[in-house]
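Okay, here's what each chain looks like letter by letter:
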Amino acid sequence: MVHVTTPEQEQGVYRRLTAQKQVDGVLLTDLRRDDPRPALLRELGLPAVVVGQPEWGGGLPAVSPDDEPAYTAAVRHLAELGHRLIAHAEGPQELLHAHRRRTAWEQTLRELGPPEAPELPGGFTPEGGAQATRQLLGSAKPPTAIVYGNDLAATAGLSVAQELGARVPDQLSLVGYDDAPLTRYSYPPLASARADARGWGEAAAHVLDAVVAKGVAEGVAEGVAEGVADHVRLPPAQFVPRASMGPAPRR
C-alpha cells in the first residue's frame, strides 16, 4: 500500500492504519531531523523497518544504503581533474540522507584543502537545480564544478548551463546522483552515482517480513522489540564518471 500524505497528517494516518489493521508493517523512508515516526510506531506496536542509517531509527531494524563513498569519490575525482571551486546544489537539509551527502562533500573538501566552495539549496527537483545553477554561474566567482543532490536537479542544471553558454565539460563539470536512466542520454552524458535500488527494496521487504513474523510468533502487542531483526548494510553506491566531467578550465 502507498498512502500519500503530509508531515502534518502522517501521524494520524499511522494511527488509523494500526487501529483498522489495514497493514501488517511499514517501511520508513526519507527520515527527517527529529522525525517523530520511529517513536510513534514503537508506541503503536506496528512493525517497521527504516530504510536509512541504524542511528536514525530509534532502535528499529534498518536497511542502510551508503551514499557517502560515491559522493567522496566524485569530489576527489573533480579535484584530481584540477577543480578548486567545487560547489554543491544540496538536497533539502531536513532530510537526513540529504544532510549526509552534504557532510560527505564538506568533509572531502576539507581533507583535500581547496578553497571554501559555495553551497545552495537545490532541493531534489528540476526547478531547484535550475535556480541553484543560475545563482552559482551568475556569482562573482562562479564554480568550475557543481555536485548536485540528485539527477533531476543535475539534469536541469545541465540545461541551464548550456542556456547560459557554459560549455560542459570544457568550462563546467557537473555530477548528479542516483544514475537515473536519463543520465545516459543527456548531452553530454551525466556523471552520477549508481546504487542497487531493487536490492534496497528486496532487502527491506525481507527484513520487514522477518519483523512481522517474529511479532506474530511472540504476540508482540506493545512496541517493536529491538533486535527482532539484524540491521542490513547494503553495498555502497558506486561513482559513475561520464562525459559531463572534464579538466578544470584555465582562467
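Above this text is the structure in question.
Quick summary incoming for the structure in this document.

Cut-offs used in this document
- Residues numbered from 1 in each chain as written.
- Predicted model: local features only at pLDDT ≥ 70, side-chain atom pairs only at ≥ 80, totals over all residues.
- Heavy atoms only, no water.
- Buried < 20%, exposed > 50% of the residue type's maximum accessible area, 1.4 Å probe, protein only.
- Helix = DSSP H or I, 4+ residues; strand = E, 2+ residues; numbered from the N terminus.
- Pairing = 2+ DSSP bridges.
- Right-handed = clockwise from strand over helix to strand, strands pointing away.
- Contact = heavy atoms within 4.5 Å.
- Axes fitted to C-alpha atoms, helices over the stretch in contact; angles between N-to-C directions.
- Parallel < 35°, antiparallel > 145°, perpendicular 65-115°, else oblique.
- Left-handed = near helix turned anticlockwise from the far one by under 90°.
- Nonpolar A, V, L, I, M, F, W, Y, C, P; charged D, E, K, R; others polar.
- Core = buried A, V, L, I, M, F, W, Y, C linked by side-chain atoms within 4.5 Å.
- Phe/Tyr/Trp six-rings, centres within 6.5 Å; stacked < 30°, edge-to-face > 60°.
- Lys NZ or Arg CZ within 6 Å of the ring centre and 35° of its normal.

## Looking at the pairing of strand E2 (residues 48-51)
Next, step 1: Here E2 shows a buried face lined by Ala48 and Val50 and a second buried face lined by Val49 and Val51.
Next, step 2: In terms of strand pairing, strand E1 (residues 26-28) meets E2 through 3 bridges, oriented parallel. The residue bridging Val26 from the neighbouring strand is Ala48, located in E2.
Next, step 3: Handedness of the crossover joining E1 and E2 through helix H2 (residues 37-44): right-handed.
Next, step 4: Judged from the 2 bridges that link them, E2 and strand E3 (residues 62-64) form a sheet pairing that is parallel.

## Here we look at the environment of Pro92
Next, step 1: Mapped onto the fold, Pro92 is located in the loop between strand E4 (86-90) and helix H4 (96-112).
Next, step 2: Residue classification places Pro92 among the partly exposed positions, given a relative accessible area of 23%.
Next, step 3: What Pro92 contacts, discounting residues up to four positions off in sequence, is Ala98, Gly123 and Phe124.

## Notes on the packing of helix H1 (residues 10-19) against H2
Next, step 1: Where H1 meets H2, the closest approach of the two axes is 11 Å, and the angle between their N-to-C directions is 20 degrees. Between H1 and H2, the interaxial angle falls into the category roughly parallel. As for the relative orientation of H1 and H2, their crossing is right-handed in sense. Packed against H1, whose contacting residues are Glu10, Gln11, Tyr14, Arg15 and Thr18, the element H2 presents Arg37, Leu40, Leu41, Glu43 and Leu44 at the interface.
Next, step 2: For the contact of H1 with H2, the class distribution of residues is 4 nonpolar, 2 polar and 4 charged.

## Some points on the nonpolar core
Next, step 1: Counting residues in each nonpolar core, the largest one holds 20 residues, and the members touching the most others are Leu78, Ile86, Trp105, Val147 and Val175.
Next, step 2: Mapped by element, the contributors of at least two residues to this core are helix H3 (68-80), H4 and strand E6 (145-148).
Next, step 3: At 5 residues, the largest contribution of residues to this core is made by H3.
Next, step 4: Once residues lying within four places of it in the same chain are set aside, the contact partners of Val175 are Ala74, Leu78, Ile146, Val147, Tyr148, Ala154, Ala191, Ser192, Phe239 and Met245.

## Observations regarding the pairing of E6
Next, step 1: Both faces of E6 are covered, namely the face carrying Ala145 and Val147 and the face carrying Ile146 and Tyr148.
Next, step 2: In this structure, E6 lies alongside strand E7 (residues 173-175), joined through 3 bridges in parallel fashion. Residue Val147 lies in a different strand from E7, and its bridge partner there is Val175.
Next, step 3: After leaving E6, the chain enters helix H6 (residues 151-163) and then returns to the sheet as E7, a path that is right-handed.

## A short note on the packing of aromatic side chains
Next, step 1: Overall, the coordinates contain 1 aromatic pair when judged by the stated rule.
Next, step 2: For the ring pair Tyr71 and Tyr177, a centre distance of 5.9 Å and an interplane angle of 50 degrees mean the geometry is tilted. Residue Tyr71 is located in helix H3, and its partner Tyr177 is located in the loop between E7 and strand E8 (192-194); the two are separated by 106 residues in the primary sequence. The same class applies to Tyr71 and to Tyr177, which are both buried.
Next, step 3: Taking NZ or CZ as reference, Arg101 lies 3.9 Å from the ring centre of Tyr177, over its face.

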